[in-house]
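Remarks on the overall topology
Take a look at the letters that make up each chain.
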Amino acid sequence: MVRLCLLFFLSGASGLIYQVVWVREFGNVFGNTIYSASLVVAVFMAGLGFGGYVAGQWADRRYAARPESLLATYGYFELGIGVLGFLVSLLLPRLGAVAAAISSYSQDARGWYVLSPGSHLARYAIAVAVLVPITLLMGGTLTVLIRHVVRRDVENAGRRIGALYGANTAGAALGCFLTDYTFIPAGGLQATQMIAVLLNLVAAAGALRLASRQSRAPDQAGATADRFQPAPSDSSRVVALTGVAIVLSGFAAMGIEIVWFRHVNVLAGSLRSVLSLILTVILAGIWIGSIAGGFLHARFGRPAMLYMLAQGVFVISTLAGLATADFGRDLAEQTAAYPAYLAGSGWRRDALELWLVVRPLLRELGIPALAMGFAYPLANACIQDAERVVGRRAGLLYLANTVGALAGALAAGFVLLPRLGMQGSVTVLVVVAALAIVPLYVAFGVGPVSARHRRPAAAAFALTLAATATAIALWIALPARHLLDHALWPPGPNERRLHVREGITEIVTITDVPGQGRALMTNGHLMSGTNADSQRYMRAFAHLPLLSMDAPERVVVICFGVGNTLHAASLHPSVRRLEVVDISRQILEHARWFSATNHDVIDDPRVSVYVNDGRHHLRMQPPGTYDLITLEPPPILFAGVASLYSRDFYALARSRLKPGGYLTQWLPLPQAPAEATLEMVRAFVEVFPQAVLLSGTMTDFILMGTNGPRLELQPAKLRARLAGAPAVRDDMRAIGLGSLVEIAGTFAGSAETLARATDIYPPLTDDYPITEYAKVSRLRADQVPVTLFDVRTVTAWCPSCFVNGAPAAGLEGLRDYLAVLGGFYLQPAFVEVYWPYPPPGRSSSYELAIGPKTRAVIADSPYLRRLISPEGRGATDPSAAPR
């Protein structure tokens, strides 16, 4: 049994590796939308459930004829999974073009373009064709092994099934953790899938070797101890009621998991490491719970009583964990640990970061996850009373639990959260969890059961009902916004929350600071805004490349934000068609909160709105479609965002540009460690060797590349184009780019500088999305890669800015302007990135030597004035201080 559990442990690790990688791979194929992720998970779970049921029925028949062959059958199942896993790993990266070819748009009631029903059906067909064969085999491994290990010993079915299920889940937990913390960071997605294939082959070889040594075991008639609860005489009734119970508990458990993912995303951020740890903690809890459930059944019997008590523990601990979760406490713990983080290095620092994320997860979902693990072993113990149907009943419960879990995930994600929010969704889900004890009571607390066995079930039912009812009542009595108020980042000084709305994909928050502007936040994290700095770099995304072209006509803006970039593009008179693509309908629906700055551009007749993943939208377009592709994705370290910074994405984008077309990409340097930033830049310059790094603001930079032979700023043409577009000229003046000096002064690094700075770094690719694994927690002690900057090479971008070494007409202050910014790029306050606070002795202000010429340039530039002022950046002017 021990060796068999070890093999099934490897099988569980392999299964979770596949699942984690496939969700990511299908995100690149279908787009990183909640619908795509839900589709993959739904097909995966359905395959497991039906595979377990069909294999269980078959295993009973096989057991009756050749019981010794079941272990070999399990080995062949593992071999089949390994072969199919290898084939799927080769197929998935090649499905992107197929997915685009079978996709089309239809218009909704608002006139926005959404993927047609036929597109979704075609995607479902692809996912079924690719995943169902392998997931059927995965699900079948459990019930085949259950049939093999239980044999005639049905009285100990709970313990044996708990051991098997626990071993498999323990492997799944380890596989989940290692996938995101070791395998993908070390080798990429393809290599990680090969590890899963290898684990399947090892499990297959081990099982076949054990089978070859095993002769048919003698029948083992288990003695029925009086302490074991006998099955009622109406066995089919008990099976049906237990099945209903596990459907309800599966529904509630998976629904609560969806809420946990939303809630922890708000608390800790949508980092890949955080998402991985959530699933790891859940699986580890299920592992321990399944082992504990099997042990308690072996020790005390009465599985129905234990099952009801476990459901009560799940409800109470779930509500307690969520009610006591608090962003302020988590923040205080991270702040308190920061000195140790700064003092540590290597594995000590990594372990500290890991613990700071795991600790709040254990508080919130550790005990509920453990209680979830009791369900399947104890449900089996309730109904396994006949040797001949062990496999069928185990498969039936597995299917029931999977169907319930799938329904709970879809209901929570697409119905409950958008309509009731997190707090209301939890109320519904824990009520469902509590109701799971009712069919158990009907099966074992009433009817043809002896009074000696009926009384414990009735007592457990009464106790669980009273305890859960009390806990739910206390939960309902909490303030209506308790979860949100304790999860969202608290408003800053003078900041007001104008609006909060929970939707399918995120929680949208609109805030306002008088005199500064409004901000858009999703899941508690800043996404966009209308303050002066945001306006400057977001509008520059469109203005700078469009002014570099003769007569651009078609523009696509990926990620709407608050509409700054789209509005800027709409001001260019030659632009005839504008497309905006956003993964979130909710963000688009909130455009009117920012009408003061986007001027309701979303209603411009030239604008077409697409609710889709930006990458998938580009795949659906023919080559040579756009003059400009511009995008500002969410925070660059968040899960899924790497697909918009990879070399594969840039190659796709370049193919969709017209000859001489441009792409602009957001590069927020302080958000990522230096190595991750350089890998992103490397991916860009490998596809766009004609590139330039521009300064949008002091923290938000712009990568600009062209699909032409040369990227060059021509002041004479720029002046003429501005003269012919007064709306563009006025808009650029308003954001601090109103003069030739300010426009050319955005220069930060040439293509040669970028290539040289990133020469030794591997590019970010779809297969190697390394940036998503760059951070575990919020704690930071990094540096911006200053090798990306060299303002002295401005002539590489603007050769005509200087004539015979002297600035051209209208650009007389350019050298001094660039000197100011070049000085900032070397300041410790710019280069060093700390959070939550700079270490003692590290300055957070800038110190520049400002001479008379520099002072005149600053006086002529609203942007530099804001940058230099203590109110704007906390900078100091040493020339004004006593020496």
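Throughout, a residue's number is its position along its own chain's written sequence, starting from 1. pLDDT decides what is reported in this predicted model: residues at 70 or higher carry local features, side-chain atom pairs at 80 or more are listed and counted, and totals for whole chains, interfaces and linings draw on all residues regardless. Only heavy atoms go into the side-chain values, all of them from the structure, while hydrogens and water stay out.

What follows is about the pattern of salt bridges. Each salt bridge in this description consists of a side-chain nitrogen of Lys or Arg and a carboxyl oxygen of Asp or Glu lying within 4 Å of one another. Applying the stated rule across the entire model yields 30 salt bridges. Across the pair Arg 585 and Asp 108 runs a salt bridge whose closest N-O atoms are separated by 2.4 Å. A residue pair is termed long-range when its members are at least 10 positions apart, and Arg 585 in helix α20 (residues 585–589) and Asp 108 in the loop between β1 (105–107) and β2 (113–115) qualify at 477 residues. Asp 512 is paired through a salt bridge with Arg 496; the nearest N and O atoms lie 3.3 Å apart. Of this pair, Asp 512 sits in strand β4 (residues 507–513) while Arg 496 sits in strand β3 (residues 496–502), and the two are 16 residues apart along the sequence. The cut-offs for exposure are 20% and 50% of the maximum accessible area for each residue type, with area from a 1.4 Å probe on protein chains only; residues under the lower value are buried, those over the upper are exposed, and the others partly exposed. Asp 512 gets classed as buried once you look at its relative accessible area, which sits at 12%. Members of the salt-bridge network, linked through shared partners, are Asp 108, Arg 501, Arg 585 and Glu 589. A run of DSSP states H or I qualifies as a helix once it reaches four residues; a run of E qualifies as a strand once it reaches two. Both are numbered from the N-terminal end.

As a further point, take the sheet that holds strand β11 (residues 657–668). One key point about sheets: their strands pair by backbone hydrogen bonds, in either a parallel or an antiparallel sense. Strand order in the open sheet formed by 10 strands is β1-β2-β9-β8-β7-β10-β11-β13-β12-β14, and the pairing between neighbours is mixed. Of all strands in the sheet, those with a lone pairing partner are β1 and β14 (747–750), marking the two edges. The mean inter-strand angle of the sheet, taken between neighbouring strand axes irrespective of direction, is 20°. Here β2 runs beside strand β9 (residues 607–611); their pairing, made up of two bridges, is parallel. Bridged to Tyr 113 within β9 is Tyr 610. Pairing between strands is defined by DSSP: at least two bridges between the two strands are required. Fitting a line to C-alpha atoms yields each axis, with helices limited to the stretch in contact; the angle taken between N-to-C directions then spans 0 to 180 degrees.

Counting rule for disulfides: a pair of cysteine sulfur atoms within 2.5 Å. Tallying each qualifying case throughout the model produces one disulfide. Linked covalently through their sulfurs, Cys 798 and Cys 801 form a disulfide whose S-S length is 1.8 Å. Around the S-S axis, the bridge from Cys 798 to Cys 801 shows a dihedral of about 85° and counts as right-handed. This pair shows no difference in class: Cys 798 is buried, exactly as Cys 801 is.

Right, let's talk about helix α6 (residues 157–187) for a bit. The sharpest bend along α6 measures roughly 55° and falls at Thr 179. Backbone geometry just downstream of α6 places Gly 188 in the positive-phi region, at approximately 95°. Here the bend at each residue means the angle between axes fitted to two seven-residue stretches, the one ending at that residue and the one beginning there.

Looking at the chain as a whole, its pLDDT mean stands at 89, while 95% of the residues score no less than 70. Confidence of the predictor at the level of single residues is given by pLDDT, which spans 0 to 100. Contacts are assigned to residue pairs with any non-hydrogen atoms lying within 4.5 Å of each other. Within the model, pLDDT remains below 50 along residues 219–233, and this stretch shows 36 contacts once partners closer than five positions in the same chain are excluded. Across residues 871–883 the pLDDT falls below 50, and counting only partners more than four positions away or on other chains, this stretch makes 31 contacts in the model.

Before going further, it helps to spend a moment on the packing of aromatic side chains. Stacked, tilted and edge-to-face are the three classes applied to pairs of Phe, Tyr and Trp rings, where Trp contributes its six-membered ring and a pair requires centres within 6.5 Å; stacked means planes under 30 degrees apart, edge-to-face means over 60, and tilted covers the rest. According to the stated counting rule, one finds 28 aromatic pairs in the structure shown. Look at Phe 26 and Phe 30: their rings are 5.4 Å apart centre to centre, the planes differ by 35°, and that puts the pair in the tilted class. Placement of the pair is Phe 26 and Phe 30 together in helix α1 (residues 2–30), with a separation of four residues, close to one helical turn. Look at Phe 30 and you get buried, because its relative accessible area is 0%. Considering the side-chain rings of Tyr 441 and Phe 461, the 4.3 Å spacing of their centres and the 15° angle between planes classify their relative orientation as stacked. Linking Tyr 441 in helix α15 (residues 437–444) with Phe 461 in helix α16 (residues 451–476), this pair joins segments that are 20 residues apart in sequence. The exposure class of Tyr 441 is partly exposed, given its relative accessible area of 24%. With relative accessibility at 16%, the residue Phe 461 sits in the buried group. Ring pairing ties together the aromatic residues Phe 649, Tyr 650, Phe 684 and Phe 688, which thus form one cluster. For the cation-ring pair, Arg 536 lies above Tyr 863, with the distance from its terminal atom to the ring centre recorded as 3.6 Å. In this analysis the charged atom, NZ for Lys or CZ for Arg, is taken to sit over a ring once it is within 6 Å of the ring centre and within 35 degrees of the ring normal.

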